[in-house]
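Residue-level structural notes
If you want the building blocks of each chain, they are given just below.
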Amino acid sequence: MSNLIAWIIRAIPFGTIIMYGAMGEIMTEKSGNLNLGVPGIMYLGGFAGYASAYYYENSAANPNLFFCIALAMICCILASMAGGLIFSFLTITLRANQNVSGLALTTFGMGVANFFGVFILNGSSYSAAPIANKAFSAKIPVLSSMGVIGQMFFSYGFLVYAAIVLAIALHWFLNKTRAGLNLRAVGENPATADAAGINVTKYKYMATCCGAGISGIGGLYYVLDYNRGIWATTGQIEALGWLAVALVIFTTWKPLNAIWGAYLFGILYWLYQYLPNLMGFSLPNYAMDLVQMVPYVVTIVVLIVVSLRKKRENQPPAHLGLAYFREER
């Protein structure tokens, strides 16, 4: 039982990281933009939030936890949205290839973060922001001490619960508001949306930049909560960014599915570590390598099933990844 609880406690924070990345990409792709720069954007957001918190707590005599959170969140979102703005300018205004631009943004985001990270690391292999970590990882008082239930559901930082609320809000926005329906129309058929008086360019820019801001929070959560406020150039955020992109497909572009899908990814990702204890015997190294492939195999299976069923509501936006030329309308 203790191994099962530890497994869930490990899976939920991991799932939260990729949930933010996936929700941001879902919003972006609903506008018809395919942004493969999610890993780079998460890198930018994580570094910007960490750097601002790090310099604040090292310069202030008595750092305020609330201000530390607000500063890190604002810098994270602004840096991430700047990455989204670069991608938008390249793919919407200049109509550059979206796949190439996204991959370039991933390299750019990692390069910028690692370049400026050198000044923080100052020759060390890592640096830490303990006060920011304390602020972001604070558990819910009273509820977190309620035995097993408290450990499993109430022993996480506030961004875990904010991710669930954001997924619900994003579902409501895309399905119940005029702006959300207009956004989906732009992703499905921008020419028809344009003819109906919808500003296609504005919606694409807004969705891509806001989606990037959401994705960046995943990088911030990784650094200041999941990784205990430690910044190191290990490249782990990039790997999680690609998992977030895979989660978008797994959830069939539905924000609510990102909740259980992210946690399932987290459970499957850590399966290799807890499976031997649950089974009562160890597995050979090659078998453990195969177990670590499970999340990706499940994503491929879901993609195949969705393609075979051919239900329109489970398909990506019809104009995903394609540039819109108004002159061809």
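Whatever comes next refers back to the structure up there.
Keep in mind the model is a prediction, meaning the values are calculated, not measured.

**Observations regarding the environment of Arg-228**
Positionally, Arg-228 belongs in the loop between helix H10 (200–226) and strand S2 (230–231). As for Arg-228 and Ala-128, which are separated by 100 residues in sequence, their C-alpha atoms are 8.0 Å apart. Other than its neighbours up to four places away in sequence, Arg-228 contacts Asn-133 and Val-223.

**A few points about unusual backbone geometry**
A positive phi angle, near 60°, is found at Arg-95, a position not held by glycine. Looking at the secondary structure, you find Arg-95 in the loop between helix H3 (65–93) and helix H4 (98–121). For Thr-252, which is not glycine, the phi torsion reads 50° and is therefore positive. Residue placement: Thr-252 occurs in the loop between helix H11 (236–250) and helix H12 (255–269).

**As for H4**
Here H4 spans 34 Å end to end across 24 residues, near enough to the 34 Å set by a 1.5 Å rise per residue. Taken as a whole, H4 has its buried residues at Gln-98, Ser-101, Gly-102, Leu-105, Thr-106, Gly-109, Met-110, Ala-113, Gly-117, Ile-120 and Leu-121. In this structure, the buried residues of H4 make contact with helix H2 (38–59), H3, strand S1 (127–128), S2 and H11. Residue Asn-97 occupies the N-cap position of H4, its side-chain oxygen lying 3.0 Å from the main-chain nitrogen of Asn-99. Count one or two residues on from H4 and you reach Asn-122, which has phi positive near 50°.

**So, the packing of aromatic side chains**
Aromatic rings considered in pairs are described by the distance between their centres and by the relative angle of their planes. Applying the stated criterion across every chain, the model contains 16 aromatic pairs. In this structure an aromatic cluster arises from ring pairing among Tyr-43, Phe-47, Tyr-50, Tyr-54, Tyr-55 and Trp-231. Sitting above the plane of the Trp-270 ring, Arg-10 keeps its charged end 3.9 Å from the centroid.

**Regarding a nonpolar patch on the surface**
A contiguous nonpolar surface patch, about 570 Å² in accessible area, is contributed by Tyr-286, Leu-290, Met-293, Val-297, Val-301 and Val-305. Every element with two or more residues in the nonpolar patch is listed here: helix H14 (285–291) and helix H15 (294–309). With 3 residues, the top contributor of residues to the nonpolar patch is H15. Structurally, Tyr-286 can be placed in helix H14.

Parameters at a glance
Residues numbered from 1 in each chain as written. Predicted model: local features only at pLDDT ≥ 70, side-chain atom pairs only at ≥ 80, totals over all residues. Heavy atoms only, no water. Helix = DSSP H or I, 4+ residues; strand = E, 2+ residues; numbered from the N terminus. Contact = heavy atoms within 4.5 Å. Expected span 1.5 Å × (residues − 1). Buried < 20%, exposed > 50% of the residue type's maximum accessible area, 1.4 Å probe, protein only. Polar contact = N/O pair within 3.5 Å; in protein donor to acceptor, adjacent residues only side chain to side chain. Phe/Tyr/Trp six-rings, centres within 6.5 Å; stacked < 30°, edge-to-face > 60°. Lys NZ or Arg CZ within 6 Å of the ring centre and 35° of its normal. Patch = residues over 30% accessible without salt bridge, like charges linked within 9 Å, V, L, I, M, F, W, Y side chains within 5 Å. Areas by Shrake-Rupley, 256 points an atom, 1.4 Å probe, with all protein chains shown as cover. Salt bridge = Lys/Arg side-chain N within 4 Å of Asp/Glu carboxyl O.

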